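Coordinates in review
Now for the letters of each chain:
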Amino acid sequence: MRYFTSPLKTRLSGFICLLIFSFIISSCAKKASDEEDLQAELNIEVNDATKWTLTTPDGEVSAGATVNLYRTKQEYKDAKPYKTATTNTEGVAGFTVPAGNYFIVAEKNSGSKLLTSNITIETVNGADKGYALDGIFQTKAEITAAPIQTYAKPGNFKKKDINGDGIVNDLDLVELPYLSTTVKNTPNTKVRIFIGSTDNVPGNAVSTVADLYNILDATVESVYNFQKQLTLVDEIVSGEVSCDGNLSAFCSLSNRQNISPADANLLTLWNLGLTSVTKANTVLYYASYIDLAASDKKLIEAEAKALRGYLYFMLGAYFDRVPIVTELITDPNVRFNLPEPGEVSIQAIADLRQAEADLPLTWPTEKRNYISKYACKGLIAKLLLKYQGYDDALAKANEIINSNRYSLSADTNAVYFDLNDGEVLWNAGKNENETFFMNYLGRAKYQPILRLSEIYLIKANVLTEKQQLHDAYNVLKILVDRKQNRFFDDQTVLLYARRSLSEVWQYEMRNEGSRYFNLVRWQTVWHEGPIAQYRLVLPIPQHFLDTNPGNTQTYGY
């Protein structure tokens, strides 16, 4: 049988095929057109993290930054961005793009420094490797809770711990760019990103261990300036010296029953102490993020805490209520609150105990004005006397004495003229041409803050309080025999134990700035008789109260 197709049928089939083909072409064209129509607005806000402050936690918006979009990492490698835009005065770069995923890189030159959203560490086989960033650290608490990482401080970038081992290091490097966003079929997608550098804090000149030791040296010097003022205030308030000659400016403190909160000498002492605390906090602040060897970090942090502990020890002993600040405050408008009575001493003992564990037995000669481990033990022992921590104080005193690292000098004046004298546990002075104490007190070139004689006195004090009076007598006799001083026999000490201790302490350490501290502790041996209880601490400077509203003066003043 022969089969054939009629001309009509052939034309009809061709027409149908043409319709189908046209439909397919039309559909394809329609789909392509739809894709072009399904575009969305992508607005990227760029913030400059180098402008971070406590009051601008996101930095400042950055105008004039270049923002590149890449559809693939290969486009980034080839330096061929899919689209590019520049941020406007509001820090926003706008794009119109199809739905999809895009990698974002923002950069801006700030002087000679490139600020970028990509912190590049190395390039391997043409691929940039760096850290994945996750915002900005705002507080020290955030840093403590975060994985361990270098340059961790408020204002710097949080780096992600990719492998989850608790430490951000080379094992956490990722191929860049890391920052990306997904644009969906919505009217507008908004993204905020940060540009910056490894260290965003403006004006930072601390990047090495040498830089940090320079700040630590400045802190020790600041503590010594505080100590000078403290010594003069102590001498006048305790009545150990009269306010004449060079000390006439301190006469306003000579009447303990009528000391004014407006006294300029008290404000100077207060300010010198808190300025020194700020310097110690500065050391701890930088030590917490710059890349240090573990040994250097341990020593520097221990010394800074020991200095801060001593400062709060003394400030607490004389004023009782002083602002407790353990972080670097950069906001000039911050206001401080006074703690409850006794809290400053709690902070002091905490700092000193933490420092004691990591301080060295000795420092190199050029750092002999630093606090060593045994000097720290001595400060702890002295502070514990105030709170009747007698057993611990006695143990510390015995550790120092039995270490045989220090010895009583045959020349009892050597401690005031020789920085290397074997009796000195800590002298914060470093200047070989010191004249301050000679000018004001007329007998000393230097003024040790802690020496072996006081450790013996601390031991005798504890033994007296524990009613071990024969043992206390034997300790005091070591000091008295050295100076060939008139002393009390055993029976006298038994009858007048605290008075004997007080007189030996005063004779041994006259004009060394600890008399008022002791009189407050003992109370019963104040020469002119009873004194109002509230007068056992100095008033809060009125200037502090005026500039920090909401705080109250010590009761009675």
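To be clear, the structure that these remarks concern was listed above.
Described in the following lines is the structure provided in the data block. Counting restarts for each chain, with residues numbered from 1 along the sequence as it is written. pLDDT decides what is reported in this predicted model: residues at 70 or higher carry local features, side-chain atom pairs at 80 or more are listed and counted, and totals for whole chains, interfaces and linings draw on all residues regardless. Processing note: side-chain calculations cover all non-hydrogen atoms of the structure and skip hydrogens and water entirely.

Glancing now at the state of the cysteines. Any two cysteine sulfur atoms within 2.5 Å of one another count as a disulfide. Applying the stated rule across the entire model yields 1 disulfide. A sulfur-sulfur distance of 2.2 Å marks the disulfide that ties Cys243 to Cys251. Linking Cys243 and Cys251, the disulfide has an S-S dihedral of approximately 105° and is accordingly described as right-handed. Here's how the labels work: a residue is buried when its accessible area is under 20% of the maximum for its type, exposed when over 50%, partly exposed in between, all with a 1.4 Å probe on protein chains only. Overall, Cys251 belongs to the partly exposed group, its relative accessible area being 29%.

Once that is clear, we can look at the sheet that holds strand 8 (residues 120-124). By way of backbone hydrogen bonds, the strands of a sheet pair with one another, either parallel or antiparallel. The sheet built from 3 strands is open, its strands ordered 8-9-12 with antiparallel pairing. Unpaired on one side and paired on the other, strand 8 and strand 12 (174-175) mark the two borders of the sheet. Here the rule is simple: two strands pair whenever DSSP picks up at least two bridges between them. Helix and strand labels come from DSSP, where a helix needs a run of H or I of at least four residues and a strand needs a run of E of at least two; each type is numbered from the N terminus. Two strands pair when backbone bridges link them, and strand 9 (residues 127-130) and strand 12 are joined in this way by 2 bridges, in the antiparallel orientation. Counted as the bridge partner of Lys129 is Glu175 from strand 12.

By nonpolar core is meant a set of buried Ala, Val, Leu, Ile, Met, Phe, Trp, Tyr and Cys residues that side-chain atoms within 4.5 Å join together. Leu212, Tyr310, Tyr318, Ile371, Trp426, Ile455 and Leu538 are the most contacted members of the largest nonpolar core, which totals 114 residues. Throughout, a residue-residue contact means that at least one pair of heavy atoms, one from each residue, lies within 4.5 Å. Every residue in contact with Ile455, bar those within four places of it in the chain, is listed here: Gly378, Ala397, Ile400, Ile401, Leu425 and Leu450. The next biggest cluster of nonpolar side chains, apart from the first, holds 19 residues, and it includes Ile44, Tyr102, Val191 and Ile195.

In this structure, strand 1 (residues 39-48) lies alongside strand 5 (residues 92-98), joined through 7 bridges in antiparallel fashion. Bridging across to strand 5, Ile44 finds its partner in Ala93. Bridging between strand 1 and strand 14 (residues 188-195) involves 8 bridges; their strand directions are parallel. Bridging from a neighbouring strand, Asp48 pairs with Ile195 of strand 14. One ladder, built from 2 bridges, connects strand 1 with strand 2 (residues 60-61); its direction is antiparallel. Its bridge partner being in strand 2, Asn47 is matched across the sheet by Val61.

Mapped onto the secondary structure, Ser409 falls in the loop between helix 9 (390-402) and strand 15 (424-426). A residue is classified by how much of its surface remains accessible, and Ser409, at 10% relative accessible area, is buried. When the C-alpha atoms of Ser409 and Glu423 are compared, they prove to be 6.2 Å apart, with 14 residues separating the residues in sequence.

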